[in-house]
Amino acid sequence: MTRSVTVLTNPVAGNGRAPAITEAVTTRLRERGLDVTTVVGRTPGDALDATRRIVRTGSDTVVVVGGDGMVNLALQAVATTSTALAVVPAGTGNDLARLLGVPHGDQAAAADIVARNSRRTMDLGRADNRWFATVLSSGFDSLVTERANRLRWPRGPLRYNLAMVLELTKLRPIPYSIELDDVTLDLEATLVTVGNGPTYGGGMAICPDARVDDGLLDVTVVRASSRTRLVRLSPTLYKGTHVELPEVDVHRSSHVRLTAPGMVAYADGERFPPLPVRIEAVPRAVTVLVGETSPLHGSATAS
């Protein structure tokens, strides 16, 4: 019986490169003997509706061509179902693709991972009934993202850099209440992140030891610090060595509740509701297709 997969794409992802990537992927999948259907999600609502229809039809796999935001939309439909999720990176962050061992910029290799059909299950985070795969962040990061989204100039990465500079001038301690499984922490912080996976923002290892198959969330707290300390911390995020700094604490918990006045949260690059927010780790919540470089590759195969 021919295996059926559905390729879901956002035509504007990757600065408009997604259609060409999608064509290359679908061609490769058909060469590998798969029955391929292509669906275009032109708006977030359209993409979510399309994915839900795909799941209802019993498609074997949803292959998302896009960035972390598009993947997050697909998660809302495929989580806890028998439909597997595969990712072809075509965005800017691509943190879940990295975790799944899918190379960026090599469409043939990404399609071959789908064709090989190496299935694993992984945990998801659930924040007030909305799923996320990688990291939920709040505090300085979310303030910068909010500011960047309001700016009309400049475009591209420079807009985020400008937003960061503007928010640094307003840096202030943020009073947090962090409820974990066995303790409640009341403190002033600059940044609090909750990681199901280790990285966000295109490879920043904010929760470097987080695993997507341990049933736990890693909570990284950057306590209130000066502008100078925060700027010096930034380069350490890509290596994950920030957790060794005295102003950084790491906790593990299966449930987390974050409260902070005036804060919103972002997860998988998408805006989540304002705090307070309740977050839980949901074990084995989604089936994914992984490449050989994924840390999930050597784990037990999904049933």
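Note that the structure is predicted; figures quoted are calculated from it, not measured. (Residues numbered from 1 in each chain as written. Predicted model: local features only at pLDDT ≥ 70, side-chain atom pairs only at ≥ 80, totals over all residues. Heavy atoms only, no water.)

Caption draft 1: Geometry of the overall build of the chain. From N to C terminus, the chain includes nine helices and 15 strands. Dimensions of the chain, computed from C-alpha atoms along their principal axes, come out at roughly 60 × 45 × 30 Å. Residues classed as buried in the chain amount to 56% of the 303 residues present. Summed over its atoms, the accessible surface of the chain is roughly 13400 Å², and 51% of this surface lies on carbon and sulfur atoms. (Helix = DSSP H or I, 4+ residues; strand = E, 2+ residues; numbered from the N terminus. Buried < 20%, exposed > 50% of the residue type's maximum accessible area, 1.4 Å probe, protein only. Areas by Shrake-Rupley, 256 points an atom, 1.4 Å probe, with all protein chains shown as cover.)

Caption draft 2: Representation of unusual backbone geometry in the model. A cis amide bond, omega -5°, links Trp153 with the succeeding residue Pro154. Within the fold, Pro154 resides in the loop between α7 (140–150) and α8 (157–168). Residue Pro276 is reached from Leu275 by a cis peptide bond, and omega for that bond is 10°. Along the polypeptide, Pro276 turns up in the loop between β14 (270–274) and β15 (277–289). At Asp268, a position not held by glycine, the phi torsion is positive, near 50°. By the element assignment, Asp268 lies in the loop between β13 (264–267) and β14. At Arg284, a position not held by glycine, the phi torsion is positive, near 50°. By the element assignment, Arg284 lies in strand β15.

Caption draft 3: Molecular detail of the pairing of β13. Neither face of β13 is left uncovered, since the one carrying Val264 and Tyr266 and the one carrying Ala265 and Ala267 both have all their residues buried. Of the pairings in the sheet, the one linking strand β7 (residues 135–139) to β13 comprises three bridges and is antiparallel in character. Opposite Ser137, over in β13, you have Tyr266 as the bridge partner. Sheet topology note: the β13/β14 ladder contains four bridges and is antiparallel. By the bridge assignment for β14, Ala265 is matched with Phe272. Hairpin connection from β13 to β14: two residues lie between these consecutive antiparallel strands, with Asp268 at a positive phi of about 50°. (Pairing = 2+ DSSP bridges.)

Caption draft 4: Quick look at the nonpolar core. If you look at the biggest cluster of nonpolar residues, it comprises 55 residues, and the most contacted ones within it are Leu29, Leu85, Leu96, Leu100, Met122 and Leu124. Setting aside residues up to four positions removed in sequence, Leu96 forms contacts with Asp68, Val71, Leu85, Val87, Met122, Ala133 and Thr134. (Core = buried A, V, L, I, M, F, W, Y, C linked by side-chain atoms within 4.5 Å. Contact = heavy atoms within 4.5 Å.)

Caption draft 5: The arrangement of α7 in detail. Of all eleven residues in α7, eight are buried; the element is thus mostly enclosed. For α7, the set of buried residues is Phe140, Asp141, Ser142, Val144, Thr145, Glu146, Arg147 and Ala148.

Caption draft 6: Region of the structure containing the packing of helix α2 (residues 18–31) against helix α6 (residues 107–116). Where α2 contacts α6, the axes come no closer than 9 Å and their chain directions differ by 45°. Considering their axes alone, α2 and α6 lie oblique with respect to each other. In the crossing of α2 with α6, the sense of the turn from one axis to the other is right-handed. Together, Ile21, Ala24, Val25, Arg28 and Leu29 of α2 and Gln107, Ala108, Ala111, Asp112, Val114 and Ala115 of α6 make up the contact between the two elements. (Axes fitted to C-alpha atoms, helices over the stretch in contact; angles between N-to-C directions. Parallel < 35°, antiparallel > 145°, perpendicular 65-115°, else oblique. Left-handed = near helix turned anticlockwise from the far one by under 90°.)

Caption draft 7: Looking closely at the domain arrangement of the chain. For the chain, the assigned domains read domain 1 (4–117) and domain 2 (132–283). Placing the centre of domain 1 and that of domain 2 at their C-alpha centroids yields a distance of 27 Å. Listed as interface residues are nine residues of domain 1 and, on the opposing side, 14 residues of domain 2. Both faces considered, domain 1 and domain 2 share a buried interface measuring about 830 Å² in area, 63% of it formed by carbon and sulfur atoms. The three residues of domain 1 that bury the most area against domain 2 are Asn72, Asp95 and Leu99, which together make up 53% of that side's buried surface. The interface formed by domain 1 and domain 2 holds zero salt bridges in total. The set of elements that each furnish at least two residues to the side of domain 1 that touches domain 2 consists of α4 (68–78) and α5 (95–99). Classifying every residue of the side of domain 1 that touches domain 2 by side-chain character gives three nonpolar, three polar and three charged. (Domains from an automatic or database assignment. Buried area = accessible area lost by both parts, 1.4 Å probe. Salt bridge = Lys/Arg side-chain N within 4 Å of Asp/Glu carboxyl O. Nonpolar A, V, L, I, M, F, W, Y, C, P; charged D, E, K, R; others polar.)

Caption draft 8: Focus on α6. By the burial criterion, the buried members of α6 are Ala110, Ala111, Asp112, Ile113, Val114 and Ala115. Looking at the buried positions of α6, the neighbouring elements they touch are β1 (4–9), α2, β3 (61–66), β4 (84–89) and β15. Among the residues trailing α6, Asn117 stands out with phi positive, at a value near 60°.

Caption draft 9: Inspection of the pairing of strand β8 (residues 174–179) at higher detail. Pairing analysis gives six bridges linking β8 to strand β9 (residues 184–195), with the strands arranged antiparallel. Pairing of Ile174 across the sheet is with Ala189, part of β9. Here β8 folds back onto β9 in antiparallel fashion, the turn holding four residues. Inspection of the sheet shows β8 paired to strand β12 (residues 255–259) by three bridges, in the antiparallel sense. The partner of Ile178 across the bridge, within β12, is Leu258.

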